[in-house]
Structures are given as structure tokens and as C-alpha cells.
Amino acid sequence: MTEGSLHSTPPLPTGESSSAEGKQPLRYALVGDGDSPHLLKWARALAPLLELWVCSSRGFAPELEALVPAGRRLALNTDPAHGGGNAALLRKLPALARWLSRVDADWINPHYLTSHGTLVLLAQRLWHLRGRVLASAWGSDILVTPQRSPLYRRLTQAILRQASLCTSDSQHMTGVMRQLGAGEVLTFPFGLDALPPAPAQAKTPWLFYANRGLEPIYRPFRVLELFRSIASWQPDAELVIANDGSQRQAMEQWVARENLQQRIRFVGRLSAAQQAEQYDRAQWYLSQPESDSVAVSVLEAMAHGCIPLLSKLPANAELVDDGRNGWIVPEPAGSAELGALSAQVLPQLLARASDIARDNRQWVHDHGLFPPAVARLVQTLRQAS
């Protein structure tokens, strides 16, 4: 691992805390979208380890309200767009800055740097806040937004340079952040809360599962085309597509035109328990985005013993050794070429499915669990305070 990776940092000993060392607990302010499961996951991991305060650009999910006392929360009640155009959010800068001044946090941690990172950057500079900034990148705020315009690039660079420390969920994204001016970056996947049990029964050999958002960035039509190429030579191939999005209706029409209604099923948004059932049944997991960091859904699939078929992106190469524990699907490749390649690669992978499942679960256990990574992060912050 590269310098700054938390993968190789020794785990925090059980029971170690600031109180055990005779110190006050770290005062830590999260700034992000309080309705987001992403922010909730961070809050769940952080709350037992320090004094947690949370500012939400929107409101708060019920689970986050239950986790953080009302006196430690601020809702700005805006509706920011991750892609920009957040004038309403910027108008909330004085309210956020006054709140952060009262909180007097040791560390201020914005999530999604283009929006919440901008607010924190301005608040710290204009209100001269004591707290240091821990900038947590999500993926598109580093891999997509800075390429949209010189203004977004300069803004992202300013946020990264202002931060005393950054977090990233892939080595590839860490490299891009450093190119943009970040200093120290701690790298760990936005992983699972816990390793799920191994599937209790045998998987369906030619069942495929996909659950990324049905939006252009995730290339859901690439998923359909890949499956069609496999179905052309494997009569038992079936695909379950979960989740929803703007592309769903067009995808369903495509499936009808291709006469694949009996082999492709749309199931919509699923609960965590329903997701686990689908992962456990499926032998294969399809994810073909055009841009991505290490995706938690891929980690989930690996932990449930699925064989991942991923797009050719640098972060995916951190998870899949092509041909050994999954397939990095080449592109560009037409349907006929994909069919021929898949007919060669997939049976070889299927023959080693149990070994692949064991090895992938072990990798997630060693590198892809979120609470231990956050505990090591907090240890780093405490040592720097």
C-alpha cells in the first residue's frame, strides 16, 4: 500500500480511548447531507469514539436523529445539488460558521467536497475557526466534477490544500487528489459495517445480479449489453436488476425489443435484507460504471461470494485481479466479441467459484470493513491533536 494507507496501520486496541489516556474526547463536526446513508454510516462508526456534532445541508434521517442528540445537530434545510448550482446552500454560510464557532471542534469533516467542502473552506477562512479540516472525498467530487470546468477544478484544489488531512476510498482517487494539491491522504474503502455470513446454500450457477443506480454514470445499458452477449451462448443465464433511476423505462423497453423479458427481471429498490438474499443467490455480480472509486456494492457482492464482472477502471483493478477473482470486462467490444470472450472467461471462473468466494470474502474481511478503518482514522486524528 502507498504511504498514508490505513490498510497497513495497526488496529486500535480494544477499549483504547481518549479517556483512558486522560485526555478529553475529540470534538468532531461532520458537515454533509443528513438524509444520506453515506453520512449516517460515518456517524455510526464515529459516535462511539469521540464527541460527535453534525450539520446537515438538508434535514436528518430518523436514524441520525436517534444517534446524535438534538443539541449537537444543525439542519440548514436546503436542497443542494451535487453537480453545482448551490446558491441556496452558500446563503447558509453565516449560519454554519456561527454554529461551528460555538461548537469549537478539533476537526471539521465535510463530505462531498464541491458543496459542503466549499462551505467549510469559507467558514474556516472568514470566521478564523480553530478546528482543522478533514476533507472526505466521495468519488465524483474528485473524479468527475473538477473536469467539468476550470472553476470547479480551482475550487476543488483550494479545498484539498486547505485540509490538514484527507480521506479517499481508493488508491486511484488518492493519486488524483494528490495531483490536485492534497497533502496527506488516508486511504481506506467505504466498506461494510460487518462481514455477512457466507451463503447458506449453493448459488444458482448462471444467475447474474446488478444493483447500481439506473443512471447514465453507471452505464446500465452496458450491463444489459454484456448480459445479452452472455445469454447468446448460455441458455441458463438470468439477470436480476435492482435499484431505480431515470433509465429504467428505456431499459425495460430495450429488454422487450430484445425479447429478453423471460431472462431479465427488474425488482426496484430493495431493503438490506432483500439485497442480501439476491447477493446470496447470484453467482455473478455486474457493475459497469464509466467512473467510480471502490464501490461498497462491489464489496458487498464479494463478501457474499459473488464473482464480480467490472468495468475497466483503475479503482476496480484494486479489487479484481483480472481472470483470477473476477473479470475486468474489456472495451470497446461489440456484442459478438463480448460473447466470444465471455464464453471463454466465465466457465473458467465458474470452475473455481468456491475458491474465488473464499478469497474475496477474506479480502473484504482484511481490507473492506468500515468500523475498524474509522477507528484507525480516529487514532490518527487523536495523535495529531
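Above this note sits the structure.
The residue count restarts for each chain, going from 1 along the sequence in the order it is written. Only residues with pLDDT of at least 70 are given local features in this predicted model, and only at 80 or more are side-chain atom pairs given and counted; all residues enter the totals for whole chains, interfaces and linings. Remark: hydrogens and water are excluded; side-chain values derive from all non-hydrogen atoms of the structure.

## Observations concerning the nonpolar core
Then comes step 1: Nonpolar cores were defined as sets of buried Ala, Val, Leu, Ile, Met, Phe, Trp, Tyr and Cys residues, with membership established by side-chain atoms within 4.5 Å. Residue burial is assigned from relative accessible area. The probe radius is 1.4 Å, only protein chains are included, and a residue is buried under 20% of its type maximum, exposed over 50%, and partly exposed in between. Judged by nonpolar contacts, the single largest core of 36 residues is most densely connected at W99, L100, I142, L160, C166 and M177.
Then comes step 2: Secondary structure elements follow DSSP: runs of H or I of four or more residues count as helices, runs of E of two or more count as strands, with numbering from the N terminus. For this core, the secondary structure elements donating two or more residues are β1 (27-32), β2 (51-56), α4 (93-103), α5 (113-127), β5 (132-136), α6 (140-143), α7 (150-162) and α8 (171-179).
Then comes step 3: Among the elements that line this core, the one with the most residues is α4, at six residues.
Then comes step 4: Should any heavy atoms of two residues lie within 4.5 Å, those residues are counted as being in contact. Leaving out residues up to four positions away in the same chain, M177 has contacts with A137, I142, L160, C166, T167, S168, A182 and V185.
Then comes step 5: In terms of nonpolar packing, the next biggest core, distinct from the first, is built from 32 residues, W254, V255, W284 and V329 among them.

## A few points about the environment of E51
Then comes step 1: Inspection of the secondary structure assignment puts E51 in strand β2.
Then comes step 2: Excluding its chain neighbours within four sequence positions, the residues that come into contact with E51 are P25, L26, R27, Y28 and R72.

## Regarding the environment of A70
Then comes step 1: Position of A70 among the secondary structure elements: in the loop between α2 (62-67) and β3 (73-75).
Then comes step 2: Judged by its relative accessible area of 55%, A70 falls in the exposed class.
Then comes step 3: Counting along the chain gives 16 residues from A70 to V54, while the straight-line C-alpha distance between them is 9.6 Å.

## Points about the sheet that holds β3
Then comes step 1: As summarised here, the arrangement of the seven strands in space is β3-β2-β1-β4-β5-β6-β7, forming an open sheet in which the pairing is parallel. Bordering the open sheet on either side are β3 and β7 (185-187), each of which pairs with just one other strand. Across the sheet, the axes of successive neighbouring strands diverge by a mean angle of 20°, strand direction being ignored.
Then comes step 2: Strand direction decides the pairing type here: strand β6 (residues 165-168) and β7, joined by three bridges, are parallel. Within the sheet, the bridge partner assigned to S168 lies in β7 and is T187. When DSSP finds at least two bridges between two strands, those strands are taken to pair. In this analysis, axes come from line fits to C-alpha atoms, helices being fitted only over the stretch in contact, and the angle between any two N-to-C directions falls in the range 0 to 180 degrees.

## Some remarks on helix α1 (residues 37-46)
Every α-helix carries 3.6 residues per turn, so stepping three or four residues along brings you back to the same face.
Then comes step 1: Burial of α1 is extensive: eight of the 10 residues sit out of reach of the surface.
Then comes step 2: By the burial criterion, the buried members of α1 are H38, L39, L40, K41, W42, A43, A45 and L46.
Then comes step 3: Looking at where α1 begins, the residue whose side-chain oxygen comes 3.0 Å from the main-chain nitrogen of H38 is S36. The term polar contact refers here to a pair of N or O atoms within 3.5 Å; inside protein, the definition further demands a hydrogen-donor-capable atom paired with an acceptor-capable atom, and it admits residues adjacent in sequence only when both atoms are side-chain atoms.

## Observations concerning the sheet that holds strand β9 (residues 238-242)
Then comes step 1: In spatial order, the strands read β10-β9-β8-β11-β12-β13; together these six strands make up an open sheet with parallel pairing. In this open sheet, the two strands that pair with only one neighbour each are β10 (264-268) and β13 (327-328).
Then comes step 2: Pairing of strand β11 (residues 282-287) with strand β12 (residues 307-310) involves four bridges; the strand directions are parallel. If you follow W284 over to β12, its bridge partner there is I307.

## Considering the pairing of strand β4 (residues 107-110)
Then comes step 1: Neither face of β4 is open: one carries W107 and N109, the other I108 and P110, and all of them are buried.
Then comes step 2: Across four bridges, β1 lies against β4 in parallel orientation. Note on β4: the bridge partner recorded for L30 is N109.
Then comes step 3: The pairing of β4 with β5 spans two bridges and is parallel. Note that in β5 the partner of W107 across the bridge is R132.

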